[in-house]
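# Residue-level structural notes
Take a look at the letters that make up each chain.
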Amino acid sequence: MSDKLTEIMAHKQREIAPRLREVSPAELRELDASLPRPPSFAEALRRADGQLAVIAEIKRRSPSAGAIAAGASAPEQARRYQAAGASALSVLTDSHYFGGSLDDLREVTALLAATPAPLPCLRKDFMLHPLQVHEARAAGASAILIIVRALDDPTISTLYAAARAAGLDALFEIHEEAELARALAHGAQIIGVNNRDLAVFKTDLGFSERLIPRFPKDVIAVSESGIAAPADAARARSAGAHAILVGEALMRAADPRALLQSLATA
Ligand SMILES: O=P(O)(O)OC[C@@H](O)[C@@H](O)c1c[nH]c2ccccc12
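If you're wondering where the values come from, they're calculated on a predicted model, not measured in any experiment.

Cut-offs used in this document
Along every chain, residues carry numbers that run from 1 in the direction the sequence is written. Whole-chain, interface and lining totals are the exception, using all residues; otherwise, since this is a predicted model, local features are given only for residues with pLDDT of at least 70 and side-chain atom pairs are given and counted only at 80 or more. By convention in this description, side-chain values take in all heavy atoms of the structure and omit both hydrogens and water. If DSSP finds at least two bridges between two strands, the strands pair. Secondary structure is summarised from DSSP: a helix means a run of H or I of at least four residues, a strand means a run of E of at least two, and numbering begins at the N terminus for each. To get an axis, fit a line to the C-alpha atoms, keeping to the stretch in contact for a helix; angles then go from 0 to 180 degrees between the N-to-C directions. One heavy atom within 4 Å of a molecule or strand is enough for the residue carrying it to be called near that molecule or strand. Side-chain atoms alone can form a polar contact between residues adjacent in sequence; in general such a contact is a pair of N or O atoms within 3.5 Å, and within protein one must be able to donate a hydrogen while the other accepts it. Areas reported as accessible are Shrake-Rupley estimates using a 1.4 Å probe. Residue values count occlusion only from the protein chains shown. The way it works is a 1 Å grid over only the protein atoms, where trapped points that fit a 1.4 Å probe form a cavity and open points with protein on both sides within 12 Å along at least five of seven lines form a pocket, and then any residue with an atom within 4 Å of a point lines it. To qualify as sitting in a cavity or pocket, a molecule needs more than half of its atoms within 2 Å of the grid points.

### Observations regarding the sheet that holds strand 7 (residues 169-174)
Two strands in a sheet stick together by hydrogen bonds in their backbones, pointing the same way (parallel) or opposite ways (antiparallel). Ordered by their spatial adjacency, eight strands build a closed barrel running 1-4-5-6-7-8-11-12, and the pairing between neighbours is parallel. Direction aside, neighbouring strands of the sheet carry axes that sit 25° apart on average. The sheet contact formed by strand 11 (residues 220-224) and strand 12 (residues 243-246) spans three bridges and is parallel. Within strand 12, the residue paired with Val 222 across the bridge is Ala 243.

### A look at the site of the ligand
In the region of the ligand, 18 residues are neighbours, and Glu 57, Lys 59, Glu 173, Arg 196 and Ser 225 sit closest. Within the side chain of Glu 57, an N or O atom sits 2.5 Å from an oxygen atom of the ligand. Separating an oxygen atom of the ligand from a side-chain N or O atom of Lys 59 is a distance of 2.7 Å. Isolated, the ligand exposes 440 Å² of accessible area, and the fraction of that covered by the protein chains is 97%. Judged by its atoms lying within 2 Å of the grid points, the ligand is housed in the largest pocket. Mapped onto the shell around the ligand, the elements with two or more residues apiece are strand 6 (143-147) and strand 12.

Below, the structure written as structure tokens:
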């Protein structure tokens, strides 16, 4: 595993330790049955009109970019993204490295739920325990992130089973071919190639170009990170991506709608 990711996972482990408790599949199913069903993340990523689905990310800061946006609140940013034509949202809930919170996710899903066609939200965080899946469902998320290189196979099985019990989709994030094989062995149906090497935090769209063509046809393909211009989105589309996940460029855009539309139609 890479250095920075190792550090983040160790920090996450310490951070959640004080509130850890066992969460059974039965508890997750009960939670799912007691809450309104969130909109489907998977369905939102397959667009019938041939455009790229854009997953717009609410990202206040990052280890690589530093501060990105202090201005808008998470719900304000969500409203902008919805008006801009996003297919789904990603809300970073890690606070230490990314400045997000579960409150951000809660506020965003509450805002969206009051709109005629709520967008599904991904809880973007470093997942390692079913408690985080429980939190995601309770906060109104439609999907969780599973970073394959950060986790061993038994942990991935536990997280994915917890997600399914809670009625959530999972975005499996990969960065190399061996991780694609592992994701597929777990039955992943949505796989994202992170173009950013989490070891050194440099982006290269070549990762999507090499890996997405190897996906089975029934898997939903996402290209993540480092997409800022229509030419980047066009490369992801040519590689076979159904969706792109865009954070920094959309957070900084003066006109998010213009940028998002130019990416979706690239
Ligand atoms: O801001 P960018 O370069 O558009 O990247 C967005 C997203 O892909 C990135 O934030 C991300 C991808 N995988 C992650 C895992 C954890 C935290 C963040 C991420």
